[in-house]
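A structural walkthrough
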Amino acid sequence: MRIGVVTFPGSLDDGDAARAVRIAGGEAVRLWHGDADIHGVDAVVLPGGFSYGDALRCGAIARFAPVMETIIDAARGGLPVLGICNGFQILCEAHLLPGALTRNQHLHFRNRDQHLRIGATNTAWTNTFTEGEEILIPVKNGEGCFVADTHTLDELEAEGRVVARYTRGNPNGSQRDIAAITNAAGNVVGIMPHPEHAVEALTGPSLDGLGFFTSALRHLAGVAGGQLTGGATR
Amino acid sequence: MTTQPDTAPVSKTPEQPAAKLSASAFAATDVLASEFGSVDTVERALETPDDLQPHAELGLKDDEYERIKQILGRRPTASELAMYSIMWSEHCSYKSSKVHLRQFGEKAPKNTRMLAGIGENAGVVQISDELAVTFKVESHNHPSYVEPYQGAATGVGGIVRDILAMGARPIAVMDPLRFGAADHPDTARVLPGVVAGIGGYGNCLGLPNIGGEIVFDPCYQGNPLVNALSIGVLPVERLQHKEAAGEGNIVVLLGARTGRDGIGGVSVLASATFDEGAEQRRPSVQVGDPFMEKLLIESCLEMYDAGLVAGIQDLGGAGLTCALTETAAAAGTGMRVWLERVPLREASMSPTEILASESQERMLLIVTPEKLDQVLAVAEKWGVWATAIGEVTASDAAGHPGRLLISWNDHVVVDVPPGSLADDGPVYARPIREPADLILLQADRAETLPRPTTPEELRETVLRMIASPNLCDKSWVTEQYDRYVLGNTVLAQPEDSGVLRIDEKTGLGVALSVDGNGRYARLDPYEGAKLALAESYRNVAISGAEPIAVSDCLNFGSPEDPAVMWQFAEAVRGIADGCQQLNIPVTGGNVSFYNQTGAAAIHPTPVIGVLGVLENVATRVPMGFPPPPTAEGDLLFLLGNTDCELSGSEWAWVTHNHLGGKPPKVDLAHEERLGRLMRQAAEREHVVAAHDLSDGGLSQVLVESCLRRNVGARVTLPEHEAATTPFVWLFSESAGRAVVAVPRGHDKAFTALAAEHGVPCTPIGVTTEEPVLEIHNQFSLGLDELREAFSSTMRNLFGSPAEVAAK
């Protein structure tokens, strides 16, 4: 399975996302922001960082990169896309996901090991977790406070599209403790904390992040084999 | 942000007409030039030999000014004068420190690892057949006091470019910080800004922050110390040099455009007399753009890998002036530069301003003509400005070094021998004199102060100490730094040292620690410097690494004060002697003088960074006691000897506001033995946790190691000797010690190993599942109570962004 990892100018966790794909057993394919060709990858990760220096708004410029035109179209057609941190911000700017990520309520950048509770396991990126499972992965951001209007928040909850919530403390003031959400089809997931930094015992607080990447591989295997799993069944 | 179109190889005629420049942005420069009508040229300098020049305002002494005239055979132009004032400033020329720093070379142990040393942008040491690392610590003290956020941010940016200039990919940063009293209102201004600046820049560059120090002391009021360390890794064959070799090679300025920021940062150029009346707005603190630096890093690395770069130098303090003169001087070549080609942020900048600007995120490349197009293409790919601004010229016929010839719109504004700026600056053997108060200070020993004796007093002292600003939990600060990015951080603060994996295949890695203790150095700068070295060495060794190299940042008051100069001389001697004894070389560093307000200098504060190597980072030893595998717990040992050494200690300071006496003894041979023991113990997996004893002593270490993973400990302090009371066991700061946790079954082998290495090893207790720190026969403290005391101080001082209630 070939999973693309996009590098924008200012992407920082792109190498780490590629490493996580490899550790999960996939083939990581590096994609370049200026190249609209996504080289036939089966899924895409938009990594963390400060694309374009966070100019204007986080993710606001990346959303217009040539590679994003292709990814946005493909995502609407079911391509699994995971946006991590800045990637989540880009997905919101691209209107593939609702809501927005704003400045942390306490105004500080914050990096800590964060407990999350998995809310939705029927997505392309979380089908190896169990519902209600508590995981521990790093969070590190300055603008990770998820906000949306009440109607949208209600809808996300009603449709089971809150993929993960912060637990044992909310690190940035996100509404309803939301850490990750998905689109209606379940193929696009945005997550503020960093699963790619919890894939090795030596460097991470746990191995809990691996599940996001193995989920994608499982999802893709299901698609390939005709047994639709995760978001693709919806 | 695109590559400039007008970057074709420059013609060799010095008088290239400015009209060839197509960029309309420069039109304004021309207009302004003709408006002033009178840029100071070499020609004019010859015609008006007696014009008065503001050399004193620029920090040049009368005799220094005379020497410049001698070198040039005429008065310098305004631009030349600025360049000499910058390059001969203390910051750039090390004129007061040079005579002392020589010891680092003279006493350097034989070393086969070192590929580049003092005098380069950063020292480079080889760690395997293929790989080398480069690291250096630098100060950015003064700017950070003036403008905490930008000062600290550009401090990170500057040291990272030093690392980049050696051919390395920067892979981490660390920041030793010192502030005035924690509760002083100005500390509330400086600290949050500095921390946000370090985080804002480093996080945005994608460099993990893996350690540092945060120290409070009133002596740093008005003179905070913001030091920054960076480390990078490179394939051995990618090592870069700064020499501008090869006649006809092109000089390319890469990165951000040049603006008026930072003019006078390293000297006193900002003085109003010098600015030709044009502008008064000259902030002397640079403004950083980490996004540009990230692009600069990626484009430089791509150029290195493609073999496009013949020479490279970063632009930091002293800007173009320093980069042009150092690259030319290093090669003995000349250089011809067309200053009007420099892309500007403000078109009205004068040639002097362009030469003196300290605008950030710039590098100077030397490129062979046939590779210029490729260089420009890489720059364009990353969206970075790249401009050919000059070319390398020959040495003269007799083989003498060439000249640096700089023109600006057809006016020759600089014509100097580059070596006179870079290498032939003044050197002073400044007077030194032991501070008059030192004898009295050393006689006022802390060992005579009243001490707590009862269990209840000891318990209360433990709580008060761990809540004190210097010993308390610093996660308020460190949570603002990204420690995960790049995915190779094995250990980061609050661990004794930062540990990074370098090679994912082999597990090869490095450990780094930075330490200093201004109080010890105040009491005895020679021993204090050695103690800082010993602590940093120990921190690295205790993580399981083999220490191999040193970088130092020497923060002192005014070199014109003989007492400060004595402290400096003593500290340098201490470091040089210490490194000789420990057999590890000083590979580079930085001197920061003038950290003083009025007559009051800071404590002499040598900050020492030690780099270690781990063949396999999986063997690293963390500081936290792991959850006990059985109900019986792991065994705890105290390594090293504990004497009654309280002078200069955190306890004397916190309890009695006292500083006096002599600092703890330092035995470097013992430190070496302890290091060897710990490396072998780590390789053989005899230890599951290890923590170095330093500020705050055993009490601090037990609390930190328990709280790290919420594991309790039951400790029995060894039998009393007359002088070694429970209080002394808990709070003495004797050097050369550590606490280790040894799993049952390994204890015999471990104690035998300790005996073999001649390291005293005293059993002091066990770890427990119960979350309590119990000192037998003395007191017990629940970990919750300890945690509350330990972790609330910074919040209370600097605001509580702790938890945000969910809506």
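Keep in mind that what you see is a predicted model, and the values were worked out from it rather than measured.

The next thing to look at is the sheet that holds strand E28 (residues 779-782) of chain B. Residues and elements named next belong to chain B. Strand order in the open sheet formed by 7 strands is E23-E25-E22-E26-E24-E27-E28, and the pairing between neighbours is mixed. If you trace the sheet from one side to the other, it starts and ends with strand E23 (689-692) and E28, each paired once. When strand polarity is set aside, the average angle formed by the axes of neighbouring strands in this sheet is 20 degrees.

Turning to the packing of helix H4 (residues 78-87) of chain B against helix H11 (residues 319-331) of chain B, a few remarks are in order. All names here are of chain B. Interaxial distance between H4 and H11 falls to 10 Å at its minimum, and their mutual angle equals 80 degrees. Our classification of the angle between H4 and H11 gives roughly perpendicular. Facing H4, whose interface residues are Met83, Ile86 and Met87, H11 presents Thr321, Cys322, Thr325 and Glu326. Among the residues forming the contact of H4 with H11, the class breakdown is 4 nonpolar, 2 polar and 1 charged.

Once that is clear, we can look at the UniProt feature "binding site: Mg(2+) 1" (unreviewed entry) in chain B. Residue and element names in this part refer to chain B. When the UniProt feature table is mapped onto this chain numbering, "binding site: Mg(2+) 1" (unreviewed entry) sits at Glu138 and Asn590. Spatially, the listed residues are clustered: although they cover 453 residues, their C-alpha atoms lie within 5.3 Å of one another. Of note, glutamate 138 is situated in strand E3 (residues 131-139). Among all residues touching glutamate 138, those that are not within four sequence positions of it are Ile159, Asp162, Val226, Asn227, Ala228, Cys553 and Asn590. A polar atom in the side chain of glutamate 138 sits 3.5 Å from the side chain of lysine 136. Setting aside anything within four residues of it in sequence, one finds asparagine 590 in contact with Tyr94, Val137, Glu138, Ser139, Asp552, Cys553 and Leu554. One polar contact links asparagine 590 to serine 139, side chain to side chain, over a distance of 2.9 Å.

With that out of the way, let us pick up the pairing of E3 of chain B. Residues and elements named next belong to chain B. Among the 9 residues in E3, 9 count as buried, and that is most of the element. Of the two faces of E3, the one holding Leu131, Val133, Phe135, Val137 and Ser139 and the one holding Ala132, Thr134, Lys136 and Glu138 are both buried throughout. Sheet topology note: the strand E2 (residues 123-126)/E3 ladder contains 4 bridges and is antiparallel. Its bridge partner lying in E3, glycine 123 is registered against phenylalanine 135. Count of turn residues in the E2/E3 antiparallel hairpin: 4 residues.

Facing the 34 residues of chain B at the interface are 33 residues of chain A. Here chain B meets chain A over a buried area of about 3000 Å², counting both sides, of which 54% is carbon and sulfur. Counting the contacts that link chain B with chain A gives 6 salt bridges. For the pair chain B and chain A, the interface holds 13 residue pairs in polar contact (both at pLDDT 80 or more). The set of elements that each furnish at least two residues to the side of chain B that touches chain A consists of helix H9 (185-205), helix H10 (290-305), helix H13 (372-382) and strand E14 (489-491) of chain B. Looking at side-chain class alone, the side of chain B that touches chain A contains 18 nonpolar, 6 polar and 10 charged residues.

Turning next to the pairing of strand E13 (residues 411-416) of chain B. Residues and elements named next belong to chain B. Bridge count between strand E12 (residues 404-408) and E13: 5 bridges; the pairing is antiparallel. Bridging across to E13, isoleucine 406 finds its partner in valine 414. If you look at the hairpin formed by E12 and E13, you'll find 2 residues sitting between the two strands, and asparagine 409 has a positive phi there, around 50 degrees.

Counting 128 residues, the largest nonpolar core has Phe8, Leu46 and Met68 of chain A as the members making the most contacts within it. In terms of residues, this core owes the most to one element, H10 of chain B, which gives 9 residues. Those residues in contact with leucine 46 of chain A that lie beyond four places of it in its chain are Val6, Phe8, Met68, Ile71, Val81, Leu82, Gly83, Ile84, Gly87, Ile90 and Leu91 of chain A. The next biggest cluster of nonpolar side chains, apart from the first, holds 44 residues, and it includes Met87, Ile263, Ala318 and Leu364 of chain B.

What follows is about the sheet that holds strand E11 (residues 386-393) of chain B. Residues and elements named next belong to chain B. If you trace the 7 strands from one edge of the open sheet to the other, you get E8-E10-E7-E11-E9-E12-E13, paired in mixed fashion. If you trace the sheet from one side to the other, it starts and ends with strand E8 (311-315) and E13, each paired once. For this sheet, the mean angle separating the axes of adjacent strands, direction not counted, is 20 degrees. With 5 bridges joining them, E8 and strand E10 (residues 362-367) adopt antiparallel strand pairing. Its bridge partner lying in E10, aspartate 314 is registered against methionine 363. Contacting E12 and E13, H4 crosses the sheet at an angle of about 35 degrees to E13. Docked against the sheet, H10 engages strand E7 (250-255), E8 and E10, running at close to 140 degrees with respect to E7.

On inspection of all chains with the given rule, the structure shows 13 aromatic pairs over all chains. Following the ring pairs from residue to residue traces out a cluster consisting of Phe179, Phe216, Trp476 and Phe798 of chain B. One residue, arginine 336 of chain B, lies across the ring of tryptophan 338 of chain B, its end atom 4.2 Å from the ring centre. Above the ring of tryptophan 32 of chain A, the side-chain terminus of lysine 381 of chain B is found at 4.9 Å from the ring centroid.

Conventions used here
- Residues numbered from 1 in each chain as written.
- Chains lettered and ligands numbered in written order.
- Predicted model: local features only at pLDDT ≥ 70, side-chain atom pairs only at ≥ 80, totals over all residues.
- Heavy atoms only, no water.
- Pairing = 2+ DSSP bridges.
- Helix = DSSP H or I, 4+ residues; strand = E, 2+ residues; numbered from the N terminus.
- Axes fitted to C-alpha atoms, helices over the stretch in contact; angles between N-to-C directions.
- Parallel < 35°, antiparallel > 145°, perpendicular 65-115°, else oblique.
- Contact = heavy atoms within 4.5 Å.
- Nonpolar A, V, L, I, M, F, W, Y, C, P; charged D, E, K, R; others polar.
- UniProt positions renumbered as here; feature names shortened; annotations may be inferred.
- Polar contact = N/O pair within 3.5 Å; in protein donor to acceptor, adjacent residues only side chain to side chain.
- Buried < 20%, exposed > 50% of the residue type's maximum accessible area, 1.4 Å probe, protein only.
- Buried area = accessible area lost by both parts, 1.4 Å probe.
- Salt bridge = Lys/Arg side-chain N within 4 Å of Asp/Glu carboxyl O.
- Core = buried A, V, L, I, M, F, W, Y, C linked by side-chain atoms within 4.5 Å.
- Phe/Tyr/Trp six-rings, centres within 6.5 Å; stacked < 30°, edge-to-face > 60°.
- Lys NZ or Arg CZ within 6 Å of the ring centre and 35° of its normal.

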